[in-house]
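Coordinate inspection notes
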Amino acid sequence: MNGIESILKNNRQWVKEQRAADPEFFNRLADGQQPKYLFIGCSDSRVPASAITGTGPGEMFVHRNIANMVVHTDFNMLSVLQYAVEVLGVQDVIVCGHYGCGGVAAAASNKQYGLIDGWLTNIRDVIRVHETEFMSVEDDELRLRRLVELNVIEQVRNLAKTSIIQNARKGAKPPRLHGLVYDIKEGLLSDLKVEENMIAEFDHIYSTNAQQYAAKVLEEETNNTKLTDDKPKLTDQKA
């Protein structure tokens, strides 16, 4: 039996079991979805979103990529985020990394890998931002584990920088942002507790307040320029 035949057989067995346990299961799913969560995770096959969170079909909207990145030029991820937040109304947005992540390990090395190097640059930016802490960890395994955590924290911050999340925060039920790490060896999830004040630390740069501040600075510069122009010039005084 080849791979696809095995998958089809497993699918039919799963359908049989679901209908035996709940005859209306598929009818309810067909009526639409109202997931509570958006899960942004790694593409690693050892990190199945629904299995490790104990959620069933219809409960979790999922986006996965190499090393669970939130990249502002990734229109695939942004489209998923916007649909989940603005249309489905998810209550919690989760970035989930995992220890032993190959993408994180590749970014921390000094090797080239080809096409993926452009993607890994986003993780190397995390190293640059946290270089002092990252280099201070002497043990190689512990250093990579910490980089996994730092990467999750920065990706949650990247979520907060998007206009999608900023606009949603102005609504009655703003989504909560979370950073989790999955330990494959233990099977356990850990909450990194990316506190609100950590996310808001750079609001003056990335939020809509930055536009207001920029407008204020521009107005002040314009007024200062006008005052300078209105002063009588030395040649005018001599005349």
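Refer to the structure presented above.
Residues numbered from 1 in each chain as written. Predicted model: local features only at pLDDT ≥ 70, side-chain atom pairs only at ≥ 80, totals over all residues. Heavy atoms only, no water.

**What to know about the overall build of the protein**
Counting secondary structure elements, the protein contains 13 helices and five strands. Counting only residues that meet the buried cut, the protein has 35% of its 239 residues in that class. For the protein, restricting intrachain contacts to residue pairs at least 6 apart in sequence, the fraction spanning at least 24 positions comes to 63%. If you sum the accessible surface of the protein, you get close to 15,200 Å²; carbon and sulfur atoms cover 52% of it. (Helix = DSSP H or I, 4+ residues; strand = E, 2+ residues; numbered from the N terminus. Buried < 20%, exposed > 50% of the residue type's maximum accessible area, 1.4 Å probe, protein only. Contact = heavy atoms within 4.5 Å. Areas by Shrake-Rupley, 256 points an atom, 1.4 Å probe, with all protein chains shown as cover.)

**Points about the nonpolar core**
Core analysis: the largest hydrophobic core is formed by 42 residues, its most contacted members being Leu38, Leu81, Val85, Val93 and Leu159. Broken down by secondary-structure element, the contributors of at least two residues to this core are β1 (37–42), α4 (75–87), β3 (92–98), α5 (102–108), α6 (117–129), α8 (140–161), α9 (163–168) and β4 (176–183). The greatest single-element share of this core, amounting to eight residues, is contributed by α8. If near-sequence neighbours (up to four positions away) are discounted, Val93 is found in contact with Leu38, Ile40, Leu81, Val85, Leu159, Pro175, Arg176, Leu177 and His178. If you look at the next biggest cluster of nonpolar residues, it comprises nine residues, including Phe39, Val47, Ile52 and Tyr182. (Core = buried A, V, L, I, M, F, W, Y, C linked by side-chain atoms within 4.5 Å.)

**As for the sheet that holds strand β2 (residues 60–65)**
The five strands lie next to each other as β2-β1-β3-β4-β5, forming an open sheet whose pairing is mixed. Of all strands in the sheet, those with a lone pairing partner are β2 and β5 (188–191), marking the two edges. Averaged over all pairs of adjacent strands, the angle between strand axes in this sheet comes to 25°, irrespective of strand direction. Two strands pair when backbone bridges link them, and β4 and β5 are joined in this way by four bridges, in the antiparallel orientation. Bridge assignment links Asp183 to a residue of β5, and that residue is Leu188. α4 rests against β1, β2 and β3 of the sheet, and its axis sits at about 170° to β2. (Pairing = 2+ DSSP bridges. Axes fitted to C-alpha atoms, helices over the stretch in contact; angles between N-to-C directions.)

**Here we look at the packing of aromatic side chains**
Scanning the model with the defined rule gives four aromatic pairs in all. Plain terms: the ring middles of Trp14 and Phe25 are 6.3 Å apart, the flat faces sit at 85° to each other, and that makes the pair edge-to-face. Of this pair, Trp14 sits in helix α1 (residues 3–21) while Phe25 sits in helix α2 (residues 25–30), and the two are 11 residues apart along the sequence. Measuring from centroid to centroid gives 5.0 Å for Phe25 and Phe26, while their planes differ by 85°, and the two rings are edge-to-face. Among the aromatic residues, ring-to-ring pairing joins Trp14, Phe25 and Phe26 into one connected group. (Phe/Tyr/Trp six-rings, centres within 6.5 Å; stacked < 30°, edge-to-face > 60°.)

**Let's talk about the pattern of salt bridges**
Applying the stated criterion across every chain yields a total of 10 salt bridges. For Arg146, the salt bridge is made with Glu133, and the minimal N-O distance between the two is 2.5 Å. Of this pair, Arg146 sits in helix α8 while Glu133 sits in helix α7 (residues 131–136), and the two are 13 residues apart along the sequence. Look at Arg146 and you get partly exposed, because its relative accessible area is 25%. What emerges from the salt-bridge pattern is a single network uniting Glu133, Arg146 and Glu149. (Salt bridge = Lys/Arg side-chain N within 4 Å of Asp/Glu carboxyl O.)

**Overview of a nonpolar patch on the surface**
On the surface, Ile4, Ile7 and Leu8 cluster together to form a nonpolar patch covering roughly 290 Å² of accessible area. Structurally, the position occupied by Leu8 is in helix α1. Judged by relative accessible area, which is 42%, Leu8 ranks as partly exposed. (Patch = residues over 30% accessible without salt bridge, like charges linked within 9 Å, V, L, I, M, F, W, Y side chains within 5 Å.)

**A word on the side chain of Asp44**
Mapped onto the elements, Asp44 comes out in the loop between β1 and α3 (49–53). Asp44 gets classed as buried once you look at its relative accessible area, which sits at 16%. A distance of 2.7 Å separates a polar atom in the side chain of Asp44 from a polar atom in the side chain of Arg46. (Polar contact = N/O pair within 3.5 Å; in protein donor to acceptor, adjacent residues only side chain to side chain.)

**What about the pairing of β4?**
Within β4, six of the eight residues are buried, which leaves the element mostly enclosed by the surrounding structure. Pairing geometry for β3 and β4, over seven bridges, is parallel. Bridge pairing in β4 places Val95 opposite Gly179. Hairpin connection from β4 to β5: four residues lie between these consecutive antiparallel strands, with Gly187 at a positive phi of about 80°.

Everything listed here is a matter of coordinates, which is why it stays silent on function.
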